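Secondary and tertiary structure notes
Each chain is listed here by its residues.
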Amino acid sequence: MDKHYDYLIVGAGLFGAVFARQAMDSGKTCLVVERRDHIGGNVYTEEVAGVTVHRYGAHIFHTSSREVWDYVCRYAEFNHFINTPLANYEGKLYNLPFNMHTFYQMWGVTTPAEAQAMIAAQRGEITDTPKNLEEQAISLVGRDIYEKLVRGYTEKQWGRSCTDLPPFIIKRLPVRFTFDNNYFNDPYQGIPKAGYTALVERLLEGAEVRLGVDYLACREELNALADTVLYTGPIDAYYGYCYGALEYRSLRFESETLDTANYQGVAVVNYNEREIPYTRIIEHKHFAFGKGDKTVITREYPADWTVGAEPYYPVNDEKNQTLYERYRQLAEGEKNVLFGGRLGQYRYYDMDKVVAAALALTKEIL
Ligand code: FAD
Ligand code: UDP
């Protein structure tokens, strides 16, 4: 006879793991089921040729929340990594995010006043509030940067034209008139020294974890084992796509181990031309200041998503938000099922927001 648990947690990603930790610390018992053959969800890291590899793409932890930072630091020691990616356009390198280094490389301007004047001249064509990503980008950094560093990258990333994408996507990127290549504005940033998998392992300590289990394939049986379910998989899949499938963007990762100590000199290089099919190459060892003789690099190819493929990025446009809202209303009517995380809440969530949301939920219900 299977044991009875307070919580059945579907998904061993960050949301599920933080929820499990808080529940267990309140004396509750947890069974975690995970479809993949490992814990961690998309933050999963593994050792390859002496390098800690981020299997599902570069993951840099950054937050402005002291509470979230203190929380994750209880379970992992973080290094002092600061993300300073480069953009490669037709073989020329530009610093990101858009800052005085980028403006110098683009136009040869050396002062903030010159850079601002250049952008002011180029943004003149946008007179109203930006209606789409193209207008938003031109209004922030002018047409030259839009054409070279935004248009191609964004269109391959999202598989649609910049005029069909919402403005908010580009507003994630800082624009600075200082010589500062830090990709993020947040005061706390770093990467767990022992990798994210070790962090998630610590969070899950004490829970029973069953890997390779698809909840949706045996939900009656699993539901019978616990009082409450926390579901962190795709909300539309939970409801059998009854209103239709929510759209996602997918990704394909191609990794190589090279007999080279240092391939590109930095963790992330974006490839911004449309003609190059991948959006970026990451060299994993630089996330951890690795010193070995070998290196592991990963090319990240954006891909269309169809039901069954790995859903990476929710497409938060109006059509999908409206559809999500219908699923959310169904979810609200559930008595013993909670929904959380990037897929359960169909949100473009960074890790810190996932931790904050899981902490908020547990504060509310435990
Ligand atoms: P997930 O990690 O997706 O976990 C959900 C888990 O549920 C998965 O393991 C899945 O297999 C499992 N599951 C789904 N359905 C079922 C089922 N039916 N049965 C059993 N298990 C199921 N954030 C940052 O802060 N910084 C970054 O630099 C950053 N980079 C990113 C780069 C990429 C390429 C991507 C895709 C995301 C990035 N993120 C980053 C976001 C980060 O990955 C997410 O915030 C975080 O992983 C979300 O955690 P989660 O638990 O909500 O979801
Ligand atoms: N972006 C861009 N050029 C770049 C990097 C980013 O145009 O070199 C745009 C692109 O539209 C992307 C958005 O900025 O979707 C947000 O970038 P971020 O790096 O935050 O996206 P992520 O890859 O983390 O989803």
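Because the structure is predicted, anything quoted here is derived from the model rather than measured.

Reading guide: rules and limits
- Residues numbered from 1 in each chain as written.
- Chains lettered and ligands numbered in written order.
- Predicted model: local features only at pLDDT ≥ 70, side-chain atom pairs only at ≥ 80, totals over all residues.
- Heavy atoms only, no water.
- Near = heavy atom within 4 Å.
- Polar contact = N/O pair within 3.5 Å; in protein donor to acceptor, adjacent residues only side chain to side chain.
- Helix = DSSP H or I, 4+ residues; strand = E, 2+ residues; numbered from the N terminus.
- Salt bridge = Lys/Arg side-chain N within 4 Å of Asp/Glu carboxyl O.
- Buried < 20%, exposed > 50% of the residue type's maximum accessible area, 1.4 Å probe, protein only.
- Contact = heavy atoms within 4.5 Å.
- Pairing = 2+ DSSP bridges.

Lining the immediate surroundings of ligand 1 are 33 residues, of which Glu-34, His-59, Arg-342, Tyr-349 and Met-351 lie closest. One nitrogen or oxygen atom from the main chain of Phe-15 is found 3.0 Å from an oxygen atom belonging to ligand 1. Between ligand 1 and Arg-342 there is a distance of 2.7 Å, counted from an oxygen atom to a side-chain nitrogen or oxygen. When residues of the shell around ligand 1 are traced back to their parent elements, those giving at least two are helix H1 (14-25), strand S2 (30-34), helix H12 (341-344) and helix H13 (351-365). Looking at the shell around ligand 1, the element that brings in the most residues is H12, giving three residues.

Further remarks concern the pattern of salt bridges. Working definition: two side chains of opposite charge can pair if their charged atoms are close together. Across all of its chains, the model carries 26 salt bridges by this definition. For Glu-300, the salt bridge is made with Arg-280, and the minimal N-O distance between the two is 3.0 Å. Highlighted residues: Glu-300 in strand S14 (residues 295-304) and Arg-280 in strand S13 (residues 280-283), separated in sequence by 20 residues. For Arg-280, a relative accessible area of 17% puts it in the buried group.

As a further point, take helix H5 (residues 133-141). Buried residues dominate H5, accounting for eight of its nine residues. The elements touched by buried residues of H5 are helix H3 (100-107), helix H4 (112-123), helix H6 (143-158) and helix H7 (168-171). Put simply, Asn-132 is the residue that caps the front of H5, since its side-chain oxygen is 3.1 Å from the backbone nitrogen of Glu-134. One or two positions beyond H5, positive phi appears at Gly-142, with a value near 90°.

Taken together, the four bridges between strand S3 (residues 45-48) and strand S4 (residues 51-54) define a ladder with antiparallel strand orientation. Following the sheet pairing, Thr-45 is matched in S4 by His-54. If you look at the hairpin formed by S3 and S4, you'll find two residues sitting between the two strands, and Ala-49 has a positive phi there, around 50°.

Moving on, we come to unusual backbone geometry. For the peptide bond that leads from Leu-96 to Pro-97, omega is -15°, which places it in the cis range. Here Pro-97 lies in the loop between strand S7 (92-95) and H3. The phi torsion at Glu-90 lies on the positive side, around 50°, for a residue other than glycine. The topology assignment puts Glu-90 in the loop between strand S6 (86-89) and S7. Despite not being glycine, Phe-289 has its phi angle at roughly 55°, a positive value. Owing to a relative accessible area of 36%, Phe-289 belongs among the partly exposed residues under this scheme.

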